[in-house]
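Single-letter residue listing:
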Amino acid sequence: MIRALKRPSARFRLTALYGGLFLVGGAMLLGLTYFLVLQALPSPGTGLTLSKQNGIFVPPSPLPSPFPGGQTEVQIIGQAQQQVLGTFLLESGVALVLMAIISVLLGWIVAGRVLAPVHQITATARRLSQANLHERIGLTGPDDEIKELADTFDSMLARLAAAFDSQQRFVANASHELRTPLTTQRALVDVNLADPNASPAQLRATLEKIRIVTDESEHLVMSLLALAKSERGLDHRTSIDLAALAQVTVDGGQGGGLQMDTSLESAVVAGDRALLQRMLGNLVDNATRYNLKDGWIRIATGASNGHAFLRVSNSGRTIPDHAVSLLFEPFRRLDGDRLADRGGAGLGLSIVRAIAIAHGGEASATPLDEGGLSVLVTLPSPAVEFPRGIGDNGVADEPA
């Protein structure tokens, strides 16, 4: 109660509102009742024109009085009516004050019960930390606005917990992946420093190895930056044809000499040109790295049911169904590929999925029966016209 006086809480304000409304409504009811009672009382005297003086009905001229003290019947009736009305006002006012006090107490209790779920939500929010994000409010009761708020809060906690777990796994995996090339570089340097008779040819070979490891580290860092940028969302959108973008990629020589088949139909989307280029490049690069020696890559684009699609398929070894979903997780490769000499950091498909989600779409993968993988990206077609990003000839247009 002291806290409520220092800083009026919602409970205190609701109680004051309940009490004030009851007091105003009671006063209006009392005034209306007094007026109706006053109108219902008969006039003192019959066949007389009466006037009211000092709140008492009196005849226009004195009449002979048969009552003691010289009072007439009219005067006695008028005084009795005045006393009745006065008593009515006094007792009704006292009853109104008492009921107002009771309404304030009841309002305080009812407001506390109504706001109890809000206090439960507040207590849960204060108690949560990274160590107990799994806790939920779990509010029970009628399906009203407060329960809807609690359920929304629980859903937000579930998303935060999933994002936090994903971030922890990402940081741990990124630390491991970055530590590996650094350890390799240190080992190469220490070996050569420990050999005072190292020839220039040996030192040059070591430097070439360090350069390769450094390139891999740079590629990893750039992939991490691309993943972070795509997960942050889009800063601007332009109208881009995925078919023209794919043609630019094919003409650029990506594919490592593998057989490249294309089926490109118009697939206009609204998005970030650099991110979409990175998405397509990652798909082709992934299809090239995990392919057979004389394999093939197929790229198809098109539009259907208000969505544009991009499909990149490749030959390769057989992939089990249960392992497909793991390919979109950061630093996740198929069993046995982590130490393979295929290059890459295990972020290619993670970046593809993040870019697709940033554009309001999704990415999925399907293993092929004959071996290999087919990755499908679907993006919503723009409902409004955006500035052009890639023209039909594959050249970037200036924004309108």
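Rules of the game
Residues numbered from 1 in each chain as written. Predicted model: local features only at pLDDT ≥ 70, side-chain atom pairs only at ≥ 80, totals over all residues. Heavy atoms only, no water. Patch = residues over 30% accessible without salt bridge, like charges linked within 9 Å, V, L, I, M, F, W, Y side chains within 5 Å. Areas by Shrake-Rupley, 256 points an atom, 1.4 Å probe, with all protein chains shown as cover. Salt bridge = Lys/Arg side-chain N within 4 Å of Asp/Glu carboxyl O. Lys, Arg positive; Asp, Glu negative; His and termini not counted. Charge placed at Lys NZ, Arg CZ, Asp CG, Glu CD. Helix = DSSP H or I, 4+ residues; strand = E, 2+ residues; numbered from the N terminus. Buried < 20%, exposed > 50% of the residue type's maximum accessible area, 1.4 Å probe, protein only. Axes fitted to C-alpha atoms, helices over the stretch in contact; angles between N-to-C directions. Left-handed = near helix turned anticlockwise from the far one by under 90°. Contact = heavy atoms within 4.5 Å. Nonpolar A, V, L, I, M, F, W, Y, C, P; charged D, E, K, R; others polar. Polar contact = N/O pair within 3.5 Å; in protein donor to acceptor, adjacent residues only side chain to side chain. Pairing = 2+ DSSP bridges. Core = buried A, V, L, I, M, F, W, Y, C linked by side-chain atoms within 4.5 Å.

Enquirer: Even after reading the chapter, I still don't get a negative patch on the surface, so can you show me in this structure?
Expert: A surface patch of like charges, here negative, comprises Asp-143, Asp-144, Glu-145 and Glu-148. One can find Asp-144 in the loop between helix H3 (73-127) and helix H4 (145-193). According to the relative accessible area criterion, Asp-144 is partly exposed, its value standing at 30%.

Enquirer: Which parts of the structure should I look at to understand the packing of helix H7 (residues 273-289) against helix H8 (residues 348-358)?
Expert: The axes of two packed helices give the description: the angle between them and the distance between them. Put simply, H7 and H8 touch, their axes get as near as 9 Å, and they point 145° apart. Crossing of H7 over H8 shows left-handed handedness. Residues Leu-275, Leu-276, Arg-278, Met-279, Asn-282, Leu-283 and Asn-286 of H7 touch H8, and the partners they reach there are Gly-348, Leu-349, Ile-351, Val-352 and Ile-355. Classifying every residue of the contact of H7 with H8 by side-chain character gives 8 nonpolar, 3 polar and 1 charged.

Enquirer: Whenever I open this one, helix H6 (residues 242-251) confuses me. Can you help?
Expert: Working note: α-helix, 3.6 residues per turn, so residues spaced by three or four point in the same direction. Of the residues making up H6, those classed as buried are Leu-242, Ala-243, Ala-244, Leu-245, Ala-246 and Thr-249. The residue sitting at the N-terminus of H6 and contributing the capping side-chain oxygen is Asp-241; that oxygen lies 3.0 Å from the backbone nitrogen of Ala-243.

Enquirer: I would appreciate a short explanation of the sheet that holds strand S6 (residues 296-304) in the present structure.
Expert: Pairing between sheet strands relies on hydrogen bonds along the backbone, with the strands arranged either parallel or antiparallel. Reading across from one edge, S4-S6-S7-S9-S8 is the order of the 5 strands in this open sheet, with mixed pairing throughout. The open sheet has two edge strands, strand S4 (259-264) and strand S8 (362-367), and neither has a second partner. Across the sheet, the axes of successive neighbouring strands diverge by a mean angle of 15°, strand direction being ignored. Here H8 sits on the sheet in contact with S8 and strand S9 (373-380), set at roughly 20° to S9.

Enquirer: So what exactly am I meant to see when it comes to the nonpolar core here?
Expert: Most often, soluble globular proteins have nonpolar side chains that are buried together. Residues Leu-242, Leu-276, Leu-283, Leu-310, Val-312, Leu-349 and Val-377 are the most contacted members of the largest nonpolar core, which totals 42 residues. For this core, the elements supplying multiple residues, two or more each, are helix H5 (200-232), H6, H7, S6, strand S7 (307-314), H8, S8 and S9. Here the element with the most residues in this core is H7; it accounts for 7 residues. Those residues in contact with Val-377 that lie beyond four places of it in its chain are Met-279, Leu-283, Ala-308, Phe-309, Leu-310, Val-352, Ala-356, Glu-362 and Ala-363. Within the second largest apolar cluster, 7 residues are counted, among which are Ile-121, Ile-137, Ala-150 and Leu-157.

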